[in-house]
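# Analysis of the macromolecular model
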Amino acid sequence: MISLKNFKKILTAFILILTLAFVGIATHSQIALADTATNPTTAAEVFSANCAGCHINGGNIIRRGKNLKQKALKKYGMDSIANISNLVTNGKGIMPAYKDRLSEQQIIDVSAYVLSQAETDWK
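First, a word on what this report is: a plain description of the structure on this page. Owing to the predicted nature of the structure, the values given are computational and were not obtained by experimental measurement.

### What about the packing of helix H6 (residues 81–90) against helix H7 (residues 104–119)?
- The interhelical angle for the contact between H6 and H7, taken along N-to-C directions, is 125°, at an axis separation of 9 Å. Put simply, H6 runs oblique to H7. In this structure, H6 meets H7 at a crossing whose hand is right-handed. Between H6 and H7, the residues in contact are Ile81, Ile84, Ser85, Val88 and Thr89 and Ile107, Ile108, Ser111, Ala112, Val114 and Leu115, respectively.
- Across the contact of H6 with H7, the residue classes tally to 8 nonpolar, 3 polar and no charged.

Right, here's the structure in full:
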């Protein structure tokens, strides 16, 4: 028999998986056309294809406080292209490393994109 604590963990994991699937479908429905989905060229496309699943509109669906808003970026010392690039490259905690998925230039570009979006509160 499953305890209430284990049931809550299983339910939370299930909801997270459903949320990630929904976000992936919602964010890639029209903008991820053919070549753009496999070869994103602009920083916004790179973000959409690789980051928006967890960080849609600068938020964080996994860890609420670890979002990409300006206040959080400053709080965690992620308010520079170099620091964001290092995090994107190497990952940390539950955030995966993207050094094998993105080029160095894509990482720099998406880091600059995150900073510019944070400055305008992701609008």
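### Side note on the packing of aromatic side chains
- The final tally for this structure, using the stated rule, is 3 aromatic pairs.
- With centroids separated by 5.2 Å and ring planes inclined at 40°, the aromatic side chains of Phe47 and Trp122 adopt a geometry described as tilted. Of this pair, Phe47 sits in helix H3 (residues 43–50) while Trp122 sits in the segment after H7; the two residues are 75 residues apart in sequence, bridging distant segments of the chain. Judged on exposure class, the residue Phe47 and its partner Trp122 are both buried.
- With centroids separated by 6.0 Å and ring planes inclined at 85°, the aromatic side chains of Tyr113 and Trp122 adopt a geometry described as edge-to-face.
- On the basis of relative accessible area, Trp122 is assigned to the buried category, the value being 11%.
- Counting every residue linked through ring pairs, the aromatic cluster contains Phe47, Tyr113 and Trp122.
- Lying over the aromatic face of Tyr76, Lys66 brings its terminal NZ or CZ to 4.3 Å of the ring centre.
- It is Arg101 that lies over the ring of Tyr98; its NZ or CZ is 4.6 Å from the centre.

Cut-offs applied
- Residues numbered from 1 in each chain as written.
- Predicted model: local features only at pLDDT ≥ 70, side-chain atom pairs only at ≥ 80, totals over all residues.
- Heavy atoms only, no water.
- Axes fitted to C-alpha atoms, helices over the stretch in contact; angles between N-to-C directions.
- Helix = DSSP H or I, 4+ residues; strand = E, 2+ residues; numbered from the N terminus.
- Parallel < 35°, antiparallel > 145°, perpendicular 65-115°, else oblique.
- Left-handed = near helix turned anticlockwise from the far one by under 90°.
- Contact = heavy atoms within 4.5 Å.
- Nonpolar A, V, L, I, M, F, W, Y, C, P; charged D, E, K, R; others polar.
- Phe/Tyr/Trp six-rings, centres within 6.5 Å; stacked < 30°, edge-to-face > 60°.
- Buried < 20%, exposed > 50% of the residue type's maximum accessible area, 1.4 Å probe, protein only.
- Lys NZ or Arg CZ within 6 Å of the ring centre and 35° of its normal.

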